[in-house]
Every structure is written in C-alpha cells, then in structure tokens.
Number of protein chains: 2
Amino acid sequence: MHGWSGTILNVDLTTGTSCREEIPRRMLEEYLGGRGLGVRLMRDYYHLDPFDPAMPLIFAVGPLCGTPSPTSARLSVVSRSPLTGTIYDCSAGGRFAWRLKAAGIDLLFITGRRITPVTLSVTADAVEILPAGSLWGADIPTTVAALTGRGSVAAIGPAGENGVLFANIMMGEGNSVGRGGMGAVMGCKNLKAVTVSGDRKTVIADAKLFESARQDIMRLFKASPVIFGPLGISEFGTPVLVDLMAQRRMAPTENFSKTFFEHSANYSGPTIKDVCGAKKDGCYGCPIQCKKSSKKGKALPEYETVSHFGALNNIDALHTIIRANDLCNELGMDTITAAATLSAWGEIRGAYPTAGEIPCLLNDMAFRRGDGELLSLGSRRLAATLGHPELSMSVKSLELPAYDPRGAYGMALAYCTSNRGGCHLRAYPISHEILRKPVPTDRFSFSGKARIISIAEDTNAAVDSLVACKFAFFGASLEEYAELLTAVTGVEYTPQRLKEIGQRIILTERFYNCANGFTRADDMLPERFFGESGSSGDGIDIHPIDRTRFEEELDKYYRIRGLNVNGCFDDQNFLEKQP
Amino acid sequence: MHGWSGTILNVDLTTGTSCREEIPRRMLEEYLGGRGLGVRLMRDYYHLDPFDPAMPLIFAVGPLCGTPSPTSARLSVVSRSPLTGTIYDCSAGGRFAWRLKAAGIDLLFITGRRITPVTLSVTADAVEILPAGSLWGADIPTTVAALTGRGSVAAIGPAGENGVLFANIMMGEGNSVGRGGMGAVMGCKNLKAVTVSGDRKTVIADAKLFESARQDIMRLFKASPVIFGPLGISEFGTPVLVDLMAQRRMAPTENFSKTFFEHSANYSGPTIKDVCGAKKDGCYGCPIQCKKSSKKGKALPEYETVSHFGALNNIDALHTIIRANDLCNELGMDTITAAATLSAWGEIRGAYPTAGEIPCLLNDMAFRRGDGELLSLGSRRLAATLGHPELSMSVKSLELPAYDPRGAYGMALAYCTSNRGGCHLRAYPISHEILRKPVPTDRFSFSGKARIISIAEDTNAAVDSLVACKFAFFGASLEEYAELLTAVTGVEYTPQRLKEIGQRIILTERFYNCANGFTRADDMLPERFFGESGSSGDGIDIHPIDRTRFEEELDKYYRIRGLNVNGCFDDQNFLEKQP
C-alpha cells in the first residue's frame, strides 16, 4: 500500500536557516499541490506587502510530478503580486519542477531577506545559501550558464533585481514565471537564483491503472486537431493563433483601439517557421513540444508576444519582435506587460514606439532609468500618472493579453472574474468561442457564460494544482487526469472532486483579495470596450460590449460563486471553515 | 534683496550616486517645504509599492528652519506608508532638521536600495555611503552612540530592519518619526542611519520684522495656560492630558470597549513627575521644552503611550509602561500602534497581555518571531487574520490614539477624514472640544465640525510645511507665523494664503489616495463606536455615535472639499492643474 506524502523545504533567508517538514496528509488530499497548496499556505501571509521581507515565495510541484504523466513536469510559483496586489500564482514548465521533486521536495517555501545577494542551492542532501558575487547584475543567459553545473536553474535578471513590477523568474530552459512580478519579489529578497538537483524517484501506487490512463491521454492528444493537427500547436506553437485571431477580427491593435492589423501575417506561425526554421522544443518528457526555438537555439516568441509587440505597437517587422522577445527573456521581464505598457505609453504620447526605440526602451525599463522608470510600473500606474487612467488596457492592473474582449464575450467576463487580474489562463473561453472545443458557443453572447467560466476556473485551478499543462486539455479531460492521480496517489479521485478542490482554491484566493480591499469595482473592463467599436470587416461586426448584459452576467457569476453583489463574502469566517 | 532658494540632495542608493539640485522658486512659494514640498515631489511616485526600491524616502525641512523661529527645528519625513498604503508624512523634532539645513540642504530625497547595509553621511561638502558593518542588528542607543561623532543621527532599529509595518525612524535625541512605518521603508533600502552636520547659516530677509513677530509669539506662548500654565505641557509634558481625559470619561480602555480606567492616576503627568523627577527637554532652540526625561536621561513616555500601554491594555503599573516605552524606542517601533495591536490581540484571545508578557511580546514584534510575526503587521491585518476584523480600532489601518471618539465628535470625524489614517495630528478638535482653544465647542455635537475640521486640516498642513510644531498653536496663530515667514523669505504671506497652500496639500494627498483605490468606505470608524456605549459616570453619558449624523457631516466635509459623494475626485486632471 502506497502512502501519499509530501515535503516542504522551509528556507528563511534572514536567519539563513532551513528545515524539512511533512505536509499534513489531509492538506495534500484537499489541495493536491502546486497552486492549491501554495494558496493554502499563504493563509497566514496574504496581508503582507508583496515586498515585505516576510512575504513567502513558494515553488510547489504537484502529485504527478516525477511520473511519466503527460505534461506534468511543471510547478506553480505562489506569492502576492507587486503589480496587481492580488494573491498570485503562475505555472511554469522546463526541468526545474521535475528536479525539485527529485531532490525530495514538493514545496519550497522561501521567506526573509538576505542582506547580500545570494543564490540558493538545493539537493537531496543539502541546502546551501551561497554568495551571488558578480552574478548580481548579470542577465539571464549569463546567470544560467554560470549555475547550470549545479542543476536546473530558476533565476532573475536585472529587471527582478531593480524591482520592475512585472519582472519574471526565468527557468534555465527558457520558460517564464511571468506576468505578476514574481521576479521582483525574489529580487527584494536579494535572491538571484535557485538551483536544484536530485535523483529520487516518484513512486506510483497503481502502475497498471497509471499506464492505462496515460495511454488514454496520448490517444486523445493524437486525435486533437488543436494539438497535433496540421495547424496544431505542436507544429507551429502558439503563434498559430495569429491568423485565426486576424480572421475573427479580434487581434488587439494599437492599444486595443483597433482589432485588426494588416501586417499580422508577418509573424504568423507558418511565417515564423519559414523564416526561423523553428525547431520543436518543450518541457521535460512532454509529448506535445509546443515551444519553438531558432537555429541558434533561442526560444522563439509565443502568440501573445508576437501579437502585442506586433499589432498592439504597430510594429510589422518580425526581426524587431524577435529581438524584443529575446531582450525581455534576457533581462527577465514579462513580454505581455512590457509590450502593453509600451503601447499605452505610445497612445498617450501620440506615437507608438518605433522599431529603433524598442530595444532601448526595454533596457531602460529593466534598469528603471529615463522613461523606463515610469514604464517599469506597468500600464495602470503609468497611465494614471500621465493623467490618462482610461488608456491602461488592464484589469486589476494586469495587462490584457491578445484576445480582444469585444470579439469573445466569455473572454471579456473571464478577464474580470480572474483572481490574478486580466489574464487568459484562469478560464480560456477562447477554447469554445473560437477553437470550438469541447463544443462551440456563440462568441458574441453572454448567455450561459458565467456558469461555463466558473466551471473552467475550477477546472484550471485543479489543473494548476496537479500540476499539469492547460494545453493537455485541448485533448484530454479531468476524467483521465483524475484516473492518473488516483493511480499515482492511491486515493480515489473523480472529475467532480477535482472541480470541488478547484472551487475551494478560487474562493480562497478571492477571500484573500477581498480582505485586501478588492471589490466588484476591480472586476471591470476598461471603458474603451464599452464605448468603442473594433475593426469590423469581412462580414464581421465588432461592436462595443453592452454594459448592462456584462453586469448582469457578472451578477450571475457572483451568485454562482455564493458571493454578495459586491463580489465579496458575507461570511467573514470562510477561511476557518476550510480544511 | 534676499533671494529665497532651496536645495534638494538626491541620493540614489542603487547606483551610489548623489547630486544637489535647486528647487524651482515657484514650487518653494507654493509648497513652502516639509510636508508640502515632500507631497509635491511624490507626484511621480505615489503609485509605487512602499517597499519598491524606487520609492523615495524624503526628509524635508521648511523655510523657518535654521532661524530662531520658535518651534521650527523640525522636519517632515514623507513617503508611502506600508501600514496604511496612503501617502504618508510625519513631523519630527530634535536637532537633525536644523543640522540638515546647516549642511545646506532643504530636502534629502533618497531612492533605490543598497545591496549591503549602509549608513549615509551628509555634510556641507560631502555625501558618503558607508558600510553599516556590525551596526546592522543594533538597537537605537547603540547605533546613535556609534554614529554621534558624525553629527545628528536618524536611525532605524531591529524593527525597521525586519520590516515591522509600524517601525519608526528615531532621531538621536529620542524624537520619533512615528506611526506609519517609515522605518520599514528605510530598512528595505538597507539604510541603517543617516547622519548630518554643517555650519551654514540661514539668512533672514527682514531681521526687524522677524524679531517683532518672534516676540509676539513668545508673548502669546507665555499667556497660554495650555503651554505655560501650572497644568501646561511645559510643566508636565503631554501626560498632563491623562487626568483631563479621565474626567471627561473618554480615555480609551481595554481596546476601546470602555472609556474610563480607574488606575489612570498611576501614570498622570504629576505622578510621572513625582516618581521619575521628570526633567524638561526638547527640540533645538524650542522655548516650550515639552519633552520630559528621567534622571537617567531616558525619554519619558508621551500621553498616547502611557494611556495605550496603560488603560488600553489594562496595565496599572507605571514602571511596566515606562519599560514598554523604552523598549519601543530602543527597537524603533511606534508606541501607539504597538500598544493598540497588543490590545486588539488581547481582546481577541480573551486576555489582555500581562505586565510580564509585554517586554517579550515587544521583542518578538520587532524580530517578527512567534506571535510577534502577526503582531508586527498592526491591528488591522492581525484582527482580520484572526477572523475578527471588527476588533481593530483603526481607520485606514492606522490605530486610533488615546481620545475616544464617542467623547469628542469632531475627533471622530477628523480620524476618518485624515489622509494618513486614524490620527490626531491632521486636525486636533480636542483643542476646542476639550481644551477650549481658541473657543469651546460642544463635544457631543457634529454641528459645524466638518468646516472646523477642514480649516484645521489646512492649517496643520501649512504648519507641517513651515515646519513648525503644532503645540505652538495652543498660543500663537497663523497670523504671527505668516509674518515670520514673510520676514525670513521676503515674500508676502497672509494666514489666508497659508491656508490655501494647506488645502492644496490636503487635496493632493487625497488625490494620491483615491488613485490608489481609497474611497468613502475607508473614511469610516470601526463599528464599535456606532454600536456600543462608553463608560458613563460622574454625570457624563458616553453614548454610541449616531451613524446618520456622522454620515451627514462626512457628506458636508466632502462638499466643502469639492469631492464627490464617494470622497473622490470627478476631475481626473486635478494634479496637472496644480503648480
């Protein structure tokens, strides 16, 4: 009989001490790992300022990690975001998660602040806090190259050191812990990098059940046109979406003032493959291999990146976009927020940044000098400071990604209900509104969207706790992943139980946010989307969103979630009632 | 002809660079100095997280500093508070302000974050960033003793180093930059202390006018019973208020659940003088000398401190209160918030801290260990985390001082309208409601209070920009201080012009707060004051406050200020229209 267990490694940088601790079995069963467990462990800390020395920075793998479960070499990083002020998590792949698990650790819980810059080395037998020396100030490739002998690397670049509010933590393999500024939280601790290595094996309780579930998933992947079709993400990576969003007239252009960019074919999936000879790449053991890299081995940009450095900034040259992507990755900054902030700034000053300006501006952002000082705060603070708060295209200070909400009303609602701000990864209604998976829905209607989105949020919260990749769910479903989980842990799970766990995570996150002052007013789109049309054409009309219908559907979402009309909790003792 | 000028010393700790810069003349005329100038210079920074490396920490003297103007050896420290999230300023005396001015500096503007702990040395000729070495970790007396050879010292203790949200910056002479956690902002920059010395003289434009205004003020001081009377603050310091608040049945007791403490005479002004032989002490050149120190030369506690460690925590022993005051001063923590947070915690756990526990708890707070981890966040976060948000007696997360709002309705309103949270120093209606200065008002009525408070807020904002001491205004008025200012600067000022400057400062602060999400809901008292009676007796009834009347008067305040019903600005371009 297999006993499911999990280990926390606590590291206090202030005192320089560390200890291993067992995770209570009930907490594992009820929160799984990754995002769920991280969010649960933030219970005593969510009131802290994101840059408070005592703020935890949590790296958490899930129960599937270390097994041959498809797409499960991932972890979640959890803390509070300095950009949004919300509780924050981000899922990332690469090899780091798998090596952390092989070091015998399920969750790395870092608190405190080191007085001089350090790196943290974690192996199965030892934890060492080492001087960072001249690595402080170095870019990501230099840092990774210097540390890679110690195992997998998670590091910050100059952006994280300097407190850029959307600084990333970068995995040595090029994957990002992006969007919410986890790199700035790490920088504030004077922690340049974490390395992990180990050789422990993850035990599987029921190998036969595991293998049958794994094969089911592989079969479903192969049958999915979105994954392995001729225009699938395995072939072209996420930029395959470029042409699709152009056809649907919902490609955010010039700071969301238009929804169609006539030069978008310059950076479509097929063009990138032609020009750069994109090689398949991906996370450890993943069959999909959605990442693409150039002949020189550099990671090529994702859909959001090409679209936002392209259409959103009125840039048509692929090489400029690729250079911008490289720079963000080297300096350790989020590409969506960097590009969206430049675009907001461009609209306010009356000129979008030119191809020549962009590299300088990105460097100035990371080092917070000149115009970069304001740009480093993201679009919400920048636009407010420049007297045009209405021109930040963000929700809860998080910049919207590359799906114009006027072209997909489910996405419009999901941007607003998301606990971490305007993001496409909490619920991805694009899946049914555009990709027709698992069933098509009317993209210009709010009907039924509140319920679909609340279910998708629950599902994704569970997926982020397993931790698996959301792309797996273009083929497989919670059905097969529940089976995998049962096989690995020896504990019976059903899709329904996983969704309940997801719901608990969503509500816990929302409770933290409400306790920190977030209300209905924060679940709101920028005015532009209610007042201006997009770029109609090709028989498609892109109208402004009907505010009344939006508000009605938001009301419905709150009712489904058991929240009051303000999006908050009547029951102040909600947390104490959770396991 | 005298030319009024002012110098900023910019110090960027990240790059280790510094430069002197002239303050534009118009900015001096329209914001004076101190709080006003600091608030004006926060315009590009108010969106930053308080612990962002780029967050400025501003030390600003005013135009009267360095002259023999009574009570003007003061400065304001300005930044954003990690405790309240509001724009924040605090006025402090001692000798530091006067020496900063003598080094030729009107405003010290510190940004960035040092990688290793440092101290900053400022003289008329040089700026040096020096390693703090083993001073990091040291308490305030040790730090001051080590650095006092370099001039006047402003330093943080362990509380500031560890990020306690109400950590003070302590002046070498014992004065505090208190309440809002400026010490934590300084700690986050790895800046242990600033020392200043210099010998430059401040020029006075019209020496004759100056001397006549100064003598007017001295005459008014001498005629003021509150200042120099037999029960005045010069004789007994602020603890003279203990008996007065007991007689009025408005001494906050046991976390504001009562308003009378039968043992308060144990720590009254006369008792402290009897027991400790209180010697007069005070800021450089101040005629009032309101500070009291013990035979050993240690600063004795202020009124707020004795009342909150005493009545609020049900502690009747003077020596326990004095020990708590000493510890807070040595560790560098605000006494009001420390005491009020202990009291909230005491009510929640069902037992107020005992005399034996208090020293341990204060140490744990400063080092953020054990129960101190939660206590270090202040009462609002503590009470919310423990499931009893209603038991934090705070406004905008700042703990209320020792005047129960049920005993003075003007104070009730002023706690709420204050831009930095529940504080008695933005408007001090106690002056007219209790001390009958300049005229008595009915303490149990809201009538006319909105207007009186808005005028007092404007006046105090001007006083904080001169920078003078509020105690001076128990005797003198803006009339004489406008004359002093005219004499020093050569620019014509009237009381009315000073109030207009004050109003601009108040509105600018409020604009920043609104831009950071503060609304009417934040201008609200804890529920207790609307629902529970105080300790009636001696023919005085202490009723709950009538919520309707409170809200009406708040509406009136907003109308007077030109704000909308939500306490916010309809005009988003307010800032751009200001000089």
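Small disclaimer: the values here were computed from a predicted structure and weren't measured. (Residues numbered from 1 in each chain as written. Chains lettered and ligands numbered in written order. Predicted model: local features only at pLDDT ≥ 70, side-chain atom pairs only at ≥ 80, totals over all residues. Heavy atoms only, no water.)

Asks: What am I meant to see in the overall build of chain A here?
Replies: Within chain A, the regular secondary structure consists of 24 helices and 16 strands. Relative to the globule expectation of 25 Å for 579 residues, the C-alpha radius of gyration of chain A, 22 Å, shows essentially globular dimensions. Taking all 579 residues of chain A together, the buried fraction comes to 66%. Contacts in chain A between residues at least 24 apart in sequence constitute 70% of all its contacts with a sequence separation of at least 6. When the accessible surface of chain A is summed, it comes to about 18500 Å², and 52% of that surface belongs to carbon and sulfur atoms. Separation of charge centres in chain A, based on 62 positive and 64 negative side chains, amounts to 3 Å. (Helix = DSSP H or I, 4+ residues; strand = E, 2+ residues; numbered from the N terminus. Rg over C-alpha atoms; globule rule 2.2 N^0.38 Å. Buried < 20%, exposed > 50% of the residue type's maximum accessible area, 1.4 Å probe, protein only. Contact = heavy atoms within 4.5 Å. Areas by Shrake-Rupley, 256 points an atom, 1.4 Å probe, with all protein chains shown as cover. Lys, Arg positive; Asp, Glu negative; His and termini not counted. Charge placed at Lys NZ, Arg CZ, Asp CG, Glu CD.)

Asks: Help me understand the packing of aromatic side chains in this model?
Replies: Aromatic ring pairs are reported here in terms of the distance separating the ring centres and the angle at which the planes meet. All names here are of chain A. On inspection of all chains with the given rule, the structure shows 40 aromatic pairs over all chains. When the ring of Phe511 is compared with that of Phe569, the centres are 5.1 Å apart and the planes differ by 75°; the resulting orientation is edge-to-face. Of this pair, Phe511 sits in helix H22 (residues 495-515) while Phe569 sits in the segment after helix H24 (547-561), and the two are 58 residues apart along the sequence. Judged by centre distance (5.0 Å) and plane angle (50°), the rings of Phe569 and Phe574 are tilted. The same class applies to Phe569 as to Phe574, namely buried. Members of the aromatic cluster, connected to one another through ring pairs, are Tyr303, Tyr403, Tyr428, Phe471 and Phe474. (Phe/Tyr/Trp six-rings, centres within 6.5 Å; stacked < 30°, edge-to-face > 60°.)

Asks: Could you clarify how one ought to interpret the relation of the copies chain A and chain B in this entry?
Replies: Both copies of the chain are tied together by a single rotation about an axis and a shift running along it. When chain A is fitted to chain B, the residual RMSD is 0.0 Å, and the transformation amounts to a turn of 180° plus an axial shift of 0.1 Å. The transformation relating the two chain copies, once decomposed into turn and shift, fits a two-fold axis. Taken as a fraction of all interface residues of chain A, those also at the interface in chain B reach 100%, which identifies the copy contact as same-surface. (Least-squares fit on C-alpha atoms with pLDDT ≥ 70 in both.)

Asks: Help me understand the pattern of salt bridges in this model?
Replies: Side chains bearing opposite charge may pair, as long as their charged atoms lie close to each other. Here the structure, examined in full by the defined rule, presents 74 salt bridges over all chains. Between A:Asp404 and A:Arg406 there is a salt bridge, and its shortest N-O distance comes to 2.9 Å. Given the relative accessible area of 0%, A:Arg406 is considered buried. A salt bridge links B:Asp334 to B:Arg179; its shortest N-O distance comes to 3.1 Å. One end of the pair, B:Asp334, is in the loop between helix H13 (318-331) and helix H14 (335-349); the other, B:Arg179, is in the loop between strand S11 (176-177) and helix H6 (182-188), with 155 residues separating them in the sequence. By relative accessible area, which is 6% here, B:Asp334 ends up buried. (Salt bridge = Lys/Arg side-chain N within 4 Å of Asp/Glu carboxyl O.)

Asks: How should I be thinking about the packing of helix H13 (residues 318-331) of chain A against helix H15 (residues 357-367) of chain A in this particular structure?
Replies: Between two packed helices, both the angle of their axes relative to each other and the distance between the axes serve to describe the pair. All names here are of chain A. It is the contact of H13 with H15, at a shortest axis distance of 10 Å, that shows an interaxial angle of 15°. Viewed along their axes, H13 and H15 adopt a mutual orientation that is roughly parallel. Note that H13 runs across H15; the crossing there is right-handed. Between H13 and H15, the contacting residues are Arg323, Ala324, Leu327, Cys328 and Leu331 on the first element and Ile358, Pro359, Leu362, Asn363, Ala366 and Phe367 on the second. (Axes fitted to C-alpha atoms, helices over the stretch in contact; angles between N-to-C directions. Parallel < 35°, antiparallel > 145°, perpendicular 65-115°, else oblique. Left-handed = near helix turned anticlockwise from the far one by under 90°.)

Asks: I would appreciate a short explanation of the side chain of B:Ser397 in the present structure.
Replies: All names here are of chain B. Looking at the secondary structure, you find Ser397 in the loop between strand S15 (394-395) and strand S16 (398-399). Here the side chain of Ser397 touches Arg380 through a polar contact of 2.9 Å, side chain to side chain. Residues in contact with Ser397, not counting those within four places in the same chain, are Leu83, Thr84, Arg380 and Arg381. (Polar contact = N/O pair within 3.5 Å; in protein donor to acceptor, adjacent residues only side chain to side chain.)

Asks: How should I be thinking about the nonpolar core in this particular structure?
Replies: What tends to happen in soluble globular proteins is that the nonpolar side chains get buried as a cluster. Ranked by size, the top nonpolar core spans 330 residues in total, and within it A:Phe59, A:Leu362 and B:Leu362 carry the most contacts. The contact partners of A:Leu362, leaving out residues within four places of it in the chain, are A:Phe309, A:Ala324, A:Leu327, A:Cys328, A:Leu331, A:Met333, A:Ala338 and A:Leu342. Within the second largest apolar cluster, 34 residues are counted, among which are B:Leu13, B:Ala92, B:Met171 and B:Val196. (Core = buried A, V, L, I, M, F, W, Y, C linked by side-chain atoms within 4.5 Å.)

Asks: Teacher, can you tell me more about helix H18 (residues 409-417) of chain A here?
Replies: Spacing of three or four residues puts side chains on the same side of an α-helix, whose turn is 3.6 residues. All names here are of chain A. With nine of nine residues buried, H18 is to be regarded as a mostly interior element. Along H18, the residues classified as buried are Tyr409, Gly410, Met411, Ala412, Leu413, Ala414, Tyr415, Cys416 and Thr417. In this structure, the buried side of H18 is in contact with strand S15 (394-395), helix H19 (430-433), helix H20 (449-466), H22 and H24.

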